[in-house]
Each structure stands twice: as C-alpha cells, then as structure tokens.
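Letter by letter, the chains look like this.
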Amino acid sequence: MCNGSEVIGVRANREMKIGASMRGGGTVFCEIKVKFRNSMVNKSKMTVWMMRGIGIVLLWTCFYQMMGIWDAFTPILIKDWPSSNSENTMAARVSADFIAIDSRHHRLREKRVYKNNGYLMVSCNGGLNQMRAAICDMVVIARDLNATLIVPELDKASFWADPRFDRSLFVAIPNIFESYQAFSYGVELYGSDFQDIFDVNHFIVSLRDEVRILKDLPPRLKIRVEMGQYYSLAPILPLLLKHKVVHLNKTDARLANNGLLIEIQKLRCRVNYDALKFTSEIMELGRRVISILKQNGPFLVLHLRYEMDMLAFSGCTQGCSEEEAEELTKMRYAYPWWKEKVIVSDMKRKQGLCPLTPEETALTLRALGIDPNIQIYIAAGEIYGGKRRMRALSAAFPNVVRKETLLNPENLRFFLNHSSQMAALDYIVSLESDIFVPTYDGNMAKVVEGHRRFLGYKTTISLDRKFLVETIDQFSNRPLSWDEFSSSVKEAHADRMGSSRPRMVIPDKPKEEDYFYSNPYECLDLEQPNEPLQIA
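Residues numbered from 1 in each chain as written. Predicted model: local features only at pLDDT ≥ 70, side-chain atom pairs only at ≥ 80, totals over all residues. Heavy atoms only, no water.

*Asks:* Would you mind going over a positive patch on the surface in detail, with residue names and values included?
*Replies:* Where like charges cluster on the molecular surface, the positive patch consists of K115, R220, R224 and K244. By the element assignment, K244 lies in the loop between α8 (236-243) and β5 (245-248). The partly exposed category is assigned to K244, whose relative accessible area is 33%. (Patch = residues over 30% accessible without salt bridge, like charges linked within 9 Å, V, L, I, M, F, W, Y side chains within 5 Å. Areas by Shrake-Rupley, 256 points an atom, 1.4 Å probe, with all protein chains shown as cover. Salt bridge = Lys/Arg side-chain N within 4 Å of Asp/Glu carboxyl O. Lys, Arg positive; Asp, Glu negative; His and termini not counted. Charge placed at Lys NZ, Arg CZ, Asp CG, Glu CD. Helix = DSSP H or I, 4+ residues; strand = E, 2+ residues; numbered from the N terminus. Buried < 20%, exposed > 50% of the residue type's maximum accessible area, 1.4 Å probe, protein only.)

*Asks:* If you had to explain the side chain of H493 to someone new, which residues and values would you point to?
*Replies:* Tracing the backbone through its elements, the reader meets H493 in the loop between α21 (482-492) and β12 (504-505). Of note is the side chain of H493, whose polar atom sits 3.0 Å from the backbone nitrogen of D464. Not counting the four nearest positions on each side in its chain, H493 is found in contact with L368, I461, S462, L463, D464, F467 and L468. (Polar contact = N/O pair within 3.5 Å; in protein donor to acceptor, adjacent residues only side chain to side chain. Contact = heavy atoms within 4.5 Å.)

*Asks:* Residue-level account of the packing of aromatic side chains, with values.
*Replies:* Counted under the stated rule, the structure contains twelve aromatic pairs. When the ring of F475 is compared with that of W482, the centres are 5.5 Å apart and the planes differ by 70 degrees; the resulting orientation is edge-to-face. Judged by relative accessible area, W482 falls into the partly exposed class, the value being 27%. Ring geometry for Y515 against Y517: centres 5.6 Å apart, planes inclined by 70 degrees, an arrangement best described as edge-to-face. (Phe/Tyr/Trp six-rings, centres within 6.5 Å; stacked < 30°, edge-to-face > 60°.)

*Asks:* Could you give an account of the environment of Y114, naming the residues involved and the relevant values?
*Replies:* Along the chain, the position of Y114 falls in the loop between α3 (86-92) and β1 (119-122). Separated by 34 residues in the primary sequence, Y114 and T148 have C-alpha atoms spaced 10.0 Å apart. Ignoring anything within four residues of it in the chain, the contact list for Y114 reads N146, A147, T148, E210, V211 and R212. Within the local environment of Y114, its side chain forms a polar contact with the backbone oxygen of A147, the two atoms lying 2.8 Å apart. Only 2.9 Å separates the side chain of Y114 from the backbone nitrogen of R212, close enough to count as a polar contact.

*Asks:* Any chance you could break down the sheet that holds strand β9 (residues 400-401) for me, citing the residues and the numbers?
*Replies:* Spatially, five strands are ordered β9-β8-β7-β10-β11 in an open sheet, and the strand pairing comes out parallel. Strand pairing shows two members of the sheet lacking a second neighbour, β9 and β11 (459-460), which therefore form its edges. Sheet contacts for helix α19 (residues 443-456): β7 (299-303), β10 (435-438) and β11; angle to β10, the most-contacted strand, approximately 155 degrees. (Pairing = 2+ DSSP bridges. Axes fitted to C-alpha atoms, helices over the stretch in contact; angles between N-to-C directions.)

*Asks:* Tell me about the environment of S420, residues and numbers included.
*Replies:* By secondary structure assignment, the location of S420 is in helix α18 (residues 419-432). Separated by 227 residues in sequence, S420 and D193 place their C-alpha atoms 9.8 Å apart.

*Asks:* I'd like a description of unusual backbone geometry, backed by residues and values.
*Replies:* Notably, Y457 is not glycine yet its phi reads approximately 60 degrees, a positive angle. Relative to the elements of secondary structure, Y457 occurs in the loop between α19 and β11. Of note in the backbone geometry, D508 takes a positive phi value of approximately 65 degrees without being a glycine. Looking at the element boundaries, D508 is found in the loop between β12 and β13 (534-535).

*Asks:* How would you sum up the sheet that holds strand β4 (residues 213-214)? Please name residues and give values.
*Replies:* If you trace the four strands from one edge of the open sheet to the other, you get β4-β2-β1-β5, paired in parallel fashion. Single-partner strands in this sheet number two, and they are β4 and β5. Sheet topology note: the strand β2 (residues 148-150)/β4 ladder contains two bridges and is parallel. By the bridge assignment, I150 is partnered in β4 with L214. Contacts from α8 reach β1 and β5, with the element oriented near 135 degrees to β5.

*Asks:* Summarise the packing of helix α10 (residues 280-295) against α18; cite the residues concerned and give the values.
*Replies:* Taken N-terminus to C-terminus, the directions of α10 and α18 make an angle of 45 degrees; their axes are 9 Å apart at the nearest point. By the criterion of interaxial angle, the relationship of α10 to α18 is oblique. For the crossing formed where α10 meets α18, the hand is right-handed. Together, I282, M283, L285, G286, V289, I290, L293 and K294 of α10 and Q421, A424, L425, I428, V429 and E432 of α18 make up the contact between the two elements. (Parallel < 35°, antiparallel > 145°, perpendicular 65-115°, else oblique. Left-handed = near helix turned anticlockwise from the far one by under 90°.)

*Asks:* Residue-level account of helix α15 (residues 386-396), with values.
*Replies:* For an α-helix, 3.6 residues make a turn, and residues three or four places apart therefore share a direction. Those residues of α15 that fall on the buried side of the exposure criterion are R389, M390 and L393. Projected onto a plane normal to the axis of α15, the buried residues spread over an arc of 85 degrees and lie on a single side. Seen from the open side of α15, the exposed residues pointing more than 90 degrees away from its buried face are K387, R391 and A395. On the buried face of α15, the contacting elements are β7, α14 (358-367), β8 (375-378) and β9. (Arc of directions from axis to C-beta.)

Right, dumping it as structure tokens:
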C-alpha cells in the first residue's frame, strides 16, 4: 500500500516514481493507484472549467435578452422624463395646430398582448412622403400578422429608384396588396435615420396597444438576417412562422385604397397623423418659419415641382431651351432604371401628365383670383432654369420666399444635404398655410392634401392640369379674353378646393382612383360617415 507521505509526494510532483521505497508487487499497486487518483483530479478540473464556460454562455444570453426587453420598455420609462434643456422644453410645447389628434389621445395606452409570430423588418425606399405612407401600411401589416415590427429603415442612398436594391422582397397578399411604382424627389447626400426625422420613442409608445415595436432585432436573430434567403411574390405569414424574421427590402407594394375594414383604415390614419411625429428640432424650426410668415399676413405654399430630376424623368421640356432639353434627355438615359426613354413632351403635356411650369403657375394663380400681395412660400428644391424661369411668377407675386431666405444659414446648417429633413420642414409649413397649391400630384402633394383634410378642410387647390394647359394655350393664342380665361379657371376648380367628398373608386384601376392618403375619408369627422364611396 502507499502511505500518506508517498501520496503527498505524488501530488507535489506527478513525475516522481514512488515505487522505489516499496518491495515486490506493492510497487506496481501503489503506482496504479496514484495514476488513478491523478486522472480523477484531471477530470474534476475539466468538469469545473466546462461548467464555468456554460455559465458564461448562459449569462451572456440572459444579458442580450434583457437588452431586448430594455429596448421595448425604455420609451415608456423616459417618455415623461424632465429635460434640463430649455430649448428642447420649448420645442416640446408644440401648438395645437401641429397636433392631428388632441391631447386626450396621447395618454399611455394599455399594451396589446398577443403571441408574437416573428419579427418584421422594413427598408423603405423613395422620398419622405412615399416612405411616410409606406410606414403606415407596414404598421397595419405587422398588426395583422401578429408580428413585432422593427423600427423601419429609411432610404438613405437612392436617387428615385436605386439599382442596388434589385434583390428585393416583394409581397403579395390577395385582396390587400397592389403593386405600383413611385419615386422620391431628391438625393439624400447624408443619410437620415428614422430617429433623425421622427420621434422614435413617441412612435413606439403611441402604438403599443396595437403592435409591439422594437428599435432593433434581438441580437440572437441578426445572424438569421445575414444568412437569409430571398423570396419573390411569396405570402408573408408562412415565411414569418418558418424563419421568425422577414425583411422587406422595398415598400413598393402597398395596401389597397379601398375595400379594407374600417379598423384598418383608421389605424393607417392613426399612424400617419399621430404616431409619425417629427423630431423636436424639426418641429421647432418649422414653427420658426411659420411664425415669420404669419407676422407678415396670410401665406400660400406652392409645391412647385419643377426640379431638374422631375423634368428629366417625366420628359417635360415646355419652355426649356434646346440645350436644356438635351441636358434633361441625357440625364434620363443616364439612369437605366427609368424605363421610359422616348418621350414626346407636347403630347404628354396635353394629357395633363406634366408639372405646370412656373409661367403656367403664375397665370393660374392670377386667374384664380389669388391676392398678388400674398406671401408665396416655395416648397421645393432648386427650380430648373433658376431666376429666368421664376421671373413671371415673381413679377405677378412679388412676395415669393423660401426657407433659405427666411432663415439664417446657421439655422439650416444641420439640415443641408439632408433632403428628407428639408422636406419635413416644407411639410410642416404646408400643413399650416392658408392655401396649399401643388403643381403636380406627387407623393407630397397627395399626403399633405389628405393631412389638411384631416385637420379640418384647409384650402387645398388640386389643379386640373389637362384642363389648364388647354385653356392657357387658348388664352395665349387670343381666342379667350382675360375675363373669360379667369372665369373658366375658377369654374373648373370650384369643387377642387380640398373640401369633404367621398373617395372615387375605379375598379381594376388603382393607379387612377383617389389615393387613400390624399382623401382618408373613413377617418374624417363627418356628420354622415356612412356615405358610400363614389364608384366610377
């Protein structure tokens, strides 16, 4: 047998041979016994290290899970946290004119409890107002799928449609979705995230009774997105249940205008007019512009869609020189994802598919009887042709202003090169104008028109471009006198001033019917809310 001193010697030096002090078979027995004890010690230490490793993995897993829960509840905790910054406090005191739904609707709502079928990620594309409408629809989709919505990612790099997004996930849900193509108007030189434009905490908290919204995916699921597959025209729910994460790379598929439940339509309105609230910085600057304008009397916002990109895409060259027309054509051919290349400008103009020129706009505003002394705020980018093309409008209405002329450069320096944030400023000013006049029915024109209807039928003049170009040509060629021309224009637009009217439905032609966000009829405060929609 091995005595205690021998065992201790082995523990101190495992290379020591202890059989030298023993005789006969005892040496072998003792050596085997010590080796057995050594192996037991090694196994015990390995078990300890394995347990420590498993414990560390479990702790990190719990940590990441807690971070996801923290992201979900942080907005609730900080919603009413007092700020020591007086400027932010002032920005928070937004006037009632900016709030679409009164304060009693902003109380903390009960969270909706539901079984989460998965996570819905969305990458919006297009300009600010195309993305705004898409976000509203994506909230409804997440609600309908019982999914958790990840705060949408805004388009940062595309110029209208970016070919880098060719591998897109298009979604088809029968009787709900219809496909359409729309574009943004401008280049986001430095990308804006959701929280740079909208109050992300308000967005999450205000919709907590409808859908769960997180700022980011739980870390354990991010790898699934990186290794994910691409699908086209596939139903969402089976994919969501299978993969737990679905990422919509584009939002060119949208909810239908009509035929949806009233609850769905009202949720779209609630997202648009309540949950999507601009940041305090944008709101404060918008208030400053409006304050300056109101000090000088009533003002009209003119959404003059006469930027270079718009003209190149549409092929409309009315009033342009040959050199300018050639420049616009080259630009159109330079972008392969603009499908229409050969365009006859005169034919398109007569069909009412071109934006009005600054000269045509000046004649139209005069014919409508707009006060020549009213302030006209230009809500647009750089006008193609510059001062030469603006000469007629400035002569007829001397008080033409822009945000760049009303504010100091210092006020705008954080917004320059951020087209979406500049568009947000124009959106705020457009909502508060005495009159809003778009010269083309793009996304901003439609969304602002609907928002103004929601706020109480503020005057929004929807120009009949096909009628106007025909009548302007008649006036220019002298068959019509000024009085006849003016009377004709006023009569044609008497029922196009943004007042209440049912939405026009055109079966099987969704692109031609009234857009839901330009006339959210189901959400308006009407005495007769059950009045049927008009069927063409």
